[in-house]
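Observations on the three-dimensional arrangement
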Amino acid sequence: MLSDFEKLGLEPQFLQAIEQLGFEKPTPIQLAAIPALLDGRDVIGQAQTGTGKTAAFALPMLQRIFSASSEVEQARGVKGLVLVPTRELAMQVAAATGEMAQNTRARVLPVYGGQSYVIQKRALARGVDVVVGTPGRLMDLMRQKVLDLSQVRFVVLDEADEMLDMGFMEDVETILSEVPGERQTALF
């Protein structure tokens, strides 16, 4: 019998991670967003905190990057970019994304102010697939020429409304100008 998550089109490595994380049934935001994102469509989603928004964008992003048939995985460099307004959210989203990627070779890096540049630069030099970061630190790393966004294929603005309220619009535009136009975008 197909699980509800299987019906959404998720591949075995992600279904296994979902099971290991104890997810039982998809939430409404996951039911709406996952199939659309897996189809390659851009999505705007809105849901309360605690309703599984991170899984709603992270699972399709990871599958589109790391599915067996993906040519994207072959390219080196950052392929997924998640912009968040705060360091706490960067850590939380990166940890959750890493858990969902546990059965892949995905490397997920949170970047935010208050953490050592050295740690972030070393990780970027070794190679990272998904970066979850705050606009300020992302811009700093771009200015220092250690963060290359030319291979990004999937962009998520998480808590996009909060980023606007906090005055990050100009920074977000600058960051997105470094990402290829041929990309998938999700706003949550």
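Here's a quick rundown of the structure. (Residues numbered from 1 in each chain as written. Predicted model: local features only at pLDDT ≥ 70, side-chain atom pairs only at ≥ 80, totals over all residues. Heavy atoms only, no water.)

Remarks on the pattern of salt bridges
Overall, the coordinates contain six salt bridges when judged by the stated rule. Of the charged contacts, one joins Lys7 and Asp4 as a salt bridge, the two residues approaching to 3.6 Å between their closest N and O atoms. Here the residue Lys7 and the residue Asp4 both occupy positions in helix α1 (residues 4–7), the gap between them amounting to three residues, near one helical turn. Residue class for Lys7 comes out exposed when judged on its relative accessible area of 55%. Of the charged contacts, one joins Asp129 and Arg107 as a salt bridge, the two residues approaching to 3.1 Å between their closest N and O atoms. (Salt bridge = Lys/Arg side-chain N within 4 Å of Asp/Glu carboxyl O. Helix = DSSP H or I, 4+ residues; strand = E, 2+ residues; numbered from the N terminus. Buried < 20%, exposed > 50% of the residue type's maximum accessible area, 1.4 Å probe, protein only.)

Re the environment of Gln115
By secondary structure assignment, the location of Gln115 is in the loop between β3 (108–111) and α6 (117–126). Sequence spacing of Gln115 and Arg137 is 22 residues, and the spatial spacing of their C-alpha atoms is 9.6 Å. Among residues more than four places away in sequence, those in contact with Gln115 are Pro110, Gln120 and Arg137. A distance of 2.4 Å separates a polar atom in the side chain of Gln115 from a polar atom in the side chain of Gln120. (Contact = heavy atoms within 4.5 Å. Polar contact = N/O pair within 3.5 Å; in protein donor to acceptor, adjacent residues only side chain to side chain.)

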